[in-house]
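Coordinate inspection notes
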Amino acid sequence: MNDLTAELIRAEGLPDDFQAAVNTYYVPLAEEIARRQKRLGRPMLVGVNGAQGTGKSTLALFLQSLLTSELDCPSVRFSLDDLYRTRIEREWLARKIHPLLATRGVPGTHDLVLGQQTIDQLISAGPMAETRIPAFDKAIDDRLPHPRWPIYTGVAKVILIEGWCVGAQPEKDAEALAVPVNSLEAEDDKEGVWREYVNLQLKGPYACFFGQLDMLIMLKAPSMDCVLKWRTLQERKLTNKRAGAPEQRKNGLLNSAVGKHGDQNDHVRGIMSEGELRRFIMHYQRLTLAMLNDMPARADAVLDIAEDHQMTGLHWREVTP
């Protein structure tokens, strides 16, 4: 697998020593997914959860490539980000429900019907079927036109869905939901309308959508402070992105745009200041903290990420016979 992963490492601009992390963590994950899919005997849905900056898009890319090219397990991936509602739809939500819903990210700002249609098409696809995968362009804060969506050809044994809130659960304590966790909630959501709407979405459509996952993988950040630091570094790196799209191959195996299309053009928009980033992260803080607290016990596999952004451990959930 070294030739394949070495090529991916170069394509993604990762350091050469990343190969050791791939061998230690990514390869065992891919092998276990392939084993579970074979036992299931049907297309398998795998969720990849991780706070901003943890590397979930990179993990999904490597898993897709390893499964497809090395483990005889054709796979496709897309991001929950690519299911964001259009700008017009979010502006409508902002007017009718709460202004904070104009900002994409939280549950309620995704088009889960579109996501389900995509999954259903992939599950029922034949050997020569072409399935268009939704794509969202963050540079224009809107969904790309349908003809520009990437195409997956054939049957997928594994469907990888990555996103910061994949597998999230609703808050059960109404009193806890009512208490702001940061200044954004305290000042911009004084009555808790936004928080309640997001929580209702998690109780309803998102619970159904996430409930169909056959396996959940979590990339666990050590703290919320690390999430902010990593997202800040990510923002700075946008200035160094090349304008051209990365190399594309059949079914997107070397196209990091599949599942994160908007990132190709993020260099077009202005870089956020540290203050703007802090406010942006506040939209995700409540749910991120909840997932850091409860998801390690629920996820099938947990990949620990240290403060220096290095992977330090892979833990599997024990299943009672």
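Summarised in this report is the structure supplied together with it. (Residues numbered from 1 in each chain as written. Predicted model: local features only at pLDDT ≥ 70, side-chain atom pairs only at ≥ 80, totals over all residues. Heavy atoms only, no water.)

Let's shift gears to the overall build of the protein chain. Helix and strand counts for the protein chain stand at eleven helices and ten strands. Scored against the burial criterion, the 321 residues of the protein chain give a buried share of 53%. Sequence-distant contacts in the protein chain: of pairs separated by 6 or more residues, those separated by 24 or more amount to 77%. Accessible area of the protein chain: about 14,800 Å², with a carbon and sulfur share of 51%. (Helix = DSSP H or I, 4+ residues; strand = E, 2+ residues; numbered from the N terminus. Buried < 20%, exposed > 50% of the residue type's maximum accessible area, 1.4 Å probe, protein only. Contact = heavy atoms within 4.5 Å. Areas by Shrake-Rupley, 256 points an atom, 1.4 Å probe, with all protein chains shown as cover.)

Bringing the nonpolar core into the picture now. Ranked by size, the top nonpolar core spans 79 residues in total, and within it Y26, I33, I159 and I217 carry the most contacts. Among the elements that take part in this core, helix α2 (residues 18-40) stands out by supplying ten residues, more than any other. If we skip the residues at most four places from it in the chain, Y26 touches F18, A21, G55, T58, L59, F62, L63, L66, L303 and M311. Residues L93, V106, L184 and W194 belong to the second largest nonpolar core, which totals nine residues. (Core = buried A, V, L, I, M, F, W, Y, C linked by side-chain atoms within 4.5 Å.)

As a further point, take the packing of aromatic side chains. Counting across every chain of the model gives eight aromatic pairs. With centroids separated by 4.8 Å and ring planes inclined at 90 degrees, the aromatic side chains of W164 and Y284 adopt a geometry described as edge-to-face. Taken together, the residues span a long stretch of sequence, with W164 in the loop between β7 (158-163) and α6 (174-178) and Y284 in helix α11 (residues 274-298) at a distance of 120 residues. Comparing W164 with Y284 shows no difference in burial state: the two are buried. Among the aromatic side chains, those forming a connected cluster through ring pairs are F18, Y26 and F62. (Phe/Tyr/Trp six-rings, centres within 6.5 Å; stacked < 30°, edge-to-face > 60°.)

On to the pattern of salt bridges. Going through the model one piece at a time under the given rule, you end up with 14 salt bridges. In this structure, D300 and R36 form a salt bridge, with 3.6 Å as the shortest nitrogen-oxygen distance. Residue D300 is located in the loop between α11 and β9 (301-305), and its partner R36 is located in helix α2; the two are separated by 264 residues in the primary sequence. Both residues of the pair, D300 and R36, count as buried. The residue R298 makes a salt bridge to D294 at a minimum N-O spacing of 2.9 Å. Of the two residues, R298 and D294 are both situated in helix α11; the distance of four residues between them amounts to about one turn of the helix. The class for R298 is partly exposed, based on a relative accessible area of 23%. You can call D294 partly exposed: its relative accessible area is 27%. (Salt bridge = Lys/Arg side-chain N within 4 Å of Asp/Glu carboxyl O.)

This part is about the sheet that holds β7. Reading across the sheet, the six strands line up as β2-β7-β1-β8-β9-β10 and stay open at both edges, with mixed pairing between neighbours. Two strands in the sheet have a free side with no partner beyond their single neighbour: β2 (75-79) and β10 (311-316). In this sheet, neighbouring strand axes are inclined to one another by 15 degrees on average, regardless of whether the strands run parallel or antiparallel. Strand direction decides the pairing type here: strand β1 (residues 44-50) and β7, joined by six bridges, are parallel. Residue pairing for β7: G47 is matched across the bridge by I161. Sheet strands touched by α2: β1, β7, β8 (215-220), β9 and β10. Its angle to β10, the strand with the most contacts, is close to 20 degrees. In the packing of helix α5 (residues 112-124) onto the sheet, contacts are made with β1, β2 and β7, and the angle to β7 comes to roughly 160 degrees. (Pairing = 2+ DSSP bridges. Axes fitted to C-alpha atoms, helices over the stretch in contact; angles between N-to-C directions.)

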